[in-house]
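# Coordinates in review
Listed here are the chains, written in short residue letters.
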Amino acid sequence: MIKRMFLFVFIAITLIFSGCIQKKDDPIEGERDNVIIGMQSIPKGLDSEYTYNSREEDIICAIFDGLVEKNDNGEIKGALAKEWSISEDGLSYTFILKEDITWSDGKQIEAKHFVELFRQILSPSEDSKNISELYSIFGAEDYNKGKKPQGEVAIISTDKKTLQIRLNYRNDKLLDTLSKPRYRLRKDFEVLKSWKENYKQIVYTGAYKITDLKEKDGENTIVLKKNNNYHDKDSILTEKIILDNVANSEMGMAKFDTNQIDVFFSPPISEIDRLKSTENIIYITLQDFNSIIFNFKSPFASKIDFRKAIEEALLASLDETKVSEKFNLNLTKGEIFNDSSTKVVFSNENKDINLRYDLFSANSKIKDLVTEQNNKTLNILCVDNEKNKLLIESLKDIIEKEFNIKSTIYYYKDKDIENELTKENYDMALVEYTHIGTKESFLRSWYNTHGKEVNYNSELLDKGLIKIKGENNNLIKENLIKGMELELKKDLPLIPIANNNLFICKNNNIEGIYMDGNENIIIKNITKSTDLNEELKEKEF
């Protein structure tokens, strides 16, 4: 601990003195009226082949726009498309582009440019990640696998402003997919792959463009300037944003403390209490969460008394301090949805006392089950990483302490556990869910994948998911979702345990920080308070 504090103080002192003698060619020099954001990583490439982390995606979103995007409630809204329609059978999508949209060089953006984008992404020569999420598009899989020519992919432009996409089969998540940063409009992939050398050649479709790049000791400083040909340029309040690449969280913290950066993500956990006392920190609860799921073929987990007992034991016994201090997690207290949002963000308190369970009663019923099963050992599956190990080992200890049941944990790689979930030789599993989207998309996705894999069936969910498909009345949709939520809380096929937080350091004059439905920070809305408008104030977390 002493060594760590010494290192932190040394870095801070070094930065203070180095800040006094900055060179004139440093793009940060003299620009403190602009926003400087500390970034722990930047993309290696700006093409779709590279796999970005969430903060690297933030940069993609700042310089490129797509057909559609998600707002902070996870709802789809138009970006470069002003409107779209879906055929009654769900197999045909028609997008109408906005009239006033141009590339950063002033040339008109046309529907054919999206055709070219998707052909490039689907090209057999591209090693695009997660490309199978586009396979519902007619011809996409065959073209991607080299079986058919690109002309047979059913993405066409019927005129300069109309794009049509035809599907092999209904895919209710297509708009969610198209809202992701990897499908934002760009071209000249070879230039994008080596963007550090070629950033001046790139044509942009987003609010900002890269105008300068400085590299020193393996770190980069990127200067973003407002794209004056951006279709919504009047809403962009900050003319220049500087992205300062920092080596690690300690270096970023030191730069923040010495006022060399205005915004910084994921500070050292040891610094969070100090930052809270100065009101220089906010946090956003992420959609990523860990959950216990039960195998309904298990002689233990198929019993509601067992599932309720596990839930009650977790709520009563899981050490929140230990979990939050080490991994920056919030315990969900068994709640599935936060009522204030259509996003799947988990609440931190159980509001429904009628669904609470008596641990004493649970204990006696569990003992009866153990006797019935001849003291059988529980088999628990888990993805092998440090965070999951802490959670699952805590669960194992709780089960043994509260119910005197022994358990064995089987660890798997991320890619292997899905296959294990389809088998019947386990009782429960700890799984992770990421980039969930709206409540409706989560319910549909979970029920049709993990729900079926663990042999959970619900007539109410079957009917509810069919009804909600074609429902346009938001109040009716909300009531259907609430009904399905209560069904899950009653049946307990899954128990949310903990969700991740993103902590953000910000100077007191920084405003407009909010996250979209894909969990990307919208850089174009970050500004200093002197430039703030009321609309951005309302959106800030």
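Residues numbered from 1 in each chain as written. Predicted model: local features only at pLDDT ≥ 70, side-chain atom pairs only at ≥ 80, totals over all residues. Heavy atoms only, no water.

## Here's the deal with the sheet that holds strand S5 (residues 92-97)
The line we're drawing: Two strands pair if DSSP finds at least two bridges between them. The way it works is that DSSP assigns letters per residue, a run of H or I at least four long becomes a helix, a run of E at least two long becomes a strand, and they are numbered from the N terminus. Convention adopted: a line fitted to C-alpha atoms gives each axis, helices being fitted over their contacting stretch, and angles between N-to-C directions are expressed from 0 to 180 degrees. Only heavy atoms matter for contacts: two residues are in contact if any of them lie within 4.5 Å across the pair.
In spatial order, the strands read S4-S5-S7-S6; together these four strands make up an open sheet with antiparallel pairing. Every interior strand has two partners, whereas the edge strands, strand S4 (81-86) and strand S6 (155-159), have only one. For this sheet, the mean angle separating the axes of adjacent strands, direction not counted, is 20°. Seen against the sheet, helix H3 (residues 111-122) touches S5, S6 and strand S7 (162-166) and runs at an angle of roughly 170° to S6.

## Focus on the side chain of arginine 307
Using the following cut-off: Burial here depends on accessible area, computed with a 1.4 Å probe over protein chains only, as a share of the maximum for the residue type. Under 20% is buried, over 50% is exposed, and the range in between is partly exposed. By the counting rule applied here, Lys and Arg register as positive and Asp and Glu as negative, while His and the ends of each chain are not counted. Whenever Lys or Arg places a side-chain nitrogen within 4 Å of a carboxyl oxygen from Asp or Glu, that contact is recorded as a salt bridge.
Among the structural elements, arginine 307 can be located in helix H10 (residues 304-317). In this structure arginine 307 is buried but unpaired, with aspartate 491 as the nearest side chain of opposite charge at 5.5 Å. Setting aside anything within four residues of it in sequence, one finds arginine 307 in contact with Phe294, Phe296, Ala301, Ser302, Asp491, Leu492 and Ile495.

## Here's the deal with the nonpolar core
To keep it simple, the criterion reads: Nonpolar core, defined: a set of buried Ala, Val, Leu, Ile, Met, Phe, Trp, Tyr and Cys residues in which side-chain atoms within 4.5 Å join the residues together.
Core analysis: the biggest nonpolar cluster contains 75 residues, and Ile37 and Phe95 have the highest contact counts within it. Not counting chain neighbours up to four residues away, the residues in contact with isoleucine 37 comprise Ile241, Ile242, Leu243, Asp244, Val263, Phe265, Ile523 and Ile526. Among the nonpolar cores identified, the runner-up in size contains 30 residues, and Ile310, Ala313, Leu369 and Ile399 belong to it.

## Notes on a negative patch on the surface
Put simply, the rule reads: Surface patches are defined over residues having more than 30% relative accessible area and no salt bridge, joining like charges when they lie within 9 Å and nonpolar side chains (Val, Leu, Ile, Met, Phe, Trp, Tyr) when within 5 Å. Accessible surface is estimated by sampling points in the Shrake-Rupley manner with a 1.4 Å probe; for residues, cover comes only from the protein chains shown. A charge is said to be at NZ when it belongs to Lys, at CZ for Arg, at CG for Asp and at CD for Glu.
On the surface, Glu99, Asp100, Asp232 and Asp234 cluster together into a negatively charged patch. Tracing the sequence through the fold places aspartate 234 in the loop between strand S9 (219-226) and strand S10 (240-245).

## Some points on the packing of aromatic side chains
Stated precisely, the cut-off is as follows: Only the six-membered ring of Trp is used, alongside the rings of Phe and Tyr, when aromatic pairs are assigned; centres must lie within 6.5 Å, and planes under 30 degrees apart are stacked while those over 60 apart are edge-to-face, with the rest tilted.
Inspection of the entire model under this criterion finds 12 aromatic pairs. Ring geometry for phenylalanine 300 against phenylalanine 306: centres 5.6 Å apart, planes inclined by 40°, an arrangement best described as tilted. Taken together through their ring pairs, the aromatic side chains of Phe296, Trp446, Tyr447 and Tyr456 make up a single cluster.

## Topic: the pattern of salt bridges
A complete count under the given rule lists 28 salt bridges for this structure. Notably, a salt bridge pairs aspartate 65 with arginine 184, separated by 3.6 Å at the nearest N-O pair. A residue pair is termed long-range when its members are at least 10 positions apart, and aspartate 65 in the loop between helix H2 (54-63) and strand S2 (68-70) and arginine 184 in the loop between helix H5 (174-178) and helix H6 (189-193) qualify at 119 residues. Judged on exposure class, the residue aspartate 65 and its partner arginine 184 are both buried. Taken together, the shared-partner salt bridges connect Asp65, Glu69, Lys77 and Arg184 into one network.

## Points about helix H15 (residues 439-453)
Using the following cut-off: Take the number of residues in a helix, subtract one, and multiply by 1.5 Å to get its expected span. The reported bend at a residue is simply the angle between two axes, fitted to the 7 residues ending at it and to the 7 residues beginning with it.
With 15 residues, H15 extends 20 Å between its outermost C-alpha atoms, agreeing within 8% with the 21 Å of an ideal straight helix rising 1.5 Å per residue. In H15, a bend of some 40° at tyrosine 447 exceeds every other bend along the element. Most of H15 is tucked away: 11 of the 15 residues are buried. Among the residues of H15, Lys439, Glu440, Ser441, Phe442, Leu443, Arg444, Trp446, Tyr447, His450, Gly451 and Glu453 are the ones counted as buried. Backbone geometry just after H15 places asparagine 455 at a positive phi near 70°.

## Thoughts on unusual backbone geometry
Within the chain, aspartate 188 stands out as a residue other than glycine whose phi angle is a positive 60°. Positionally, aspartate 188 belongs in the loop between H5 and H6. What makes aspartate 188 partly exposed here is its relative accessible area of 45%. At serine 266, a position not held by glycine, the phi torsion is positive, near 55°.

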